[in-house]
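# Secondary and tertiary structure notes
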Amino acid sequence: MKDYLNKLRKDYSMMVLDEKDVNQDAVVQLEKWLVDAANAEVNEPNAMVLGTVDKYNKPHSRIVLLRDINSNGLTFYSNYTSSKAEDIEYQPMVSLNFFWCELERQVRVEGKTQKLTVVESTEYFRARPRESQISSWASPQSKVL
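Residues numbered from 1 in each chain as written. Predicted model: local features only at pLDDT ≥ 70, side-chain atom pairs only at ≥ 80, totals over all residues. Heavy atoms only, no water.

Quick look at unusual backbone geometry now. Phi is positive for glutamate 44, which is not a glycine, with a value near 55°. By the secondary structure assignment, glutamate 44 is in the loop between helix H2 (26-39) and strand S1 (47-53). Assessed through its relative accessible area of 40%, glutamate 44 is described here as partly exposed. Positive phi is not limited to glycine here, since asparagine 57 has a value of about 60°. (Helix = DSSP H or I, 4+ residues; strand = E, 2+ residues; numbered from the N terminus. Buried < 20%, exposed > 50% of the residue type's maximum accessible area, 1.4 Å probe, protein only.)

Printed below as a string of structure tokens:
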């Protein structure tokens, strides 16, 4: 298997990243790249890997969806009783990673999380499709059923 995996190499040379082509505002640049990913028909261009650490200092990662981006930061949602929420409560520093294979591009983000207001969370939940709301109520995230 090792030989097989070592032969799976790709020369990532489609794009060149030059500092002069990058916006000084990281939010503006990420917004541009999100649009580029959507235009390239990347499946789930707003999908990102969220890395957290639990109370035993064990790392965890999973995919979450970016739901907003602005000068205050990046927004994703989670059930407050999920393992990711528990991890974030313990250690609010997290990492995010976007990977857009079609563009040969990835973006890493690191920072401190902050809960949104109850009003913001409620508005988001109410905007979700009904089936998604029911699923959320019926299935406690990250818990054995």
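On to the sheet that holds S1. Strands in a sheet are paired, the pairing made by backbone hydrogen bonds, and the direction either parallel or antiparallel. Taken together, the four strands give an open sheet; going across it, the order is S2-S1-S5-S6, and neighbouring strands pair in antiparallel fashion. The sheet is open, and its two borders are formed by strand S2 (59-65) and strand S6 (105-112), each paired with just one other strand. Between one strand axis and the next, the sheet turns through 25° on average, direction left out of account. With seven bridges joining them, S1 and S2 adopt antiparallel strand pairing. Bridging from a neighbouring strand, methionine 48 pairs with valine 64 of S2. (Pairing = 2+ DSSP bridges. Axes fitted to C-alpha atoms, helices over the stretch in contact; angles between N-to-C directions.)

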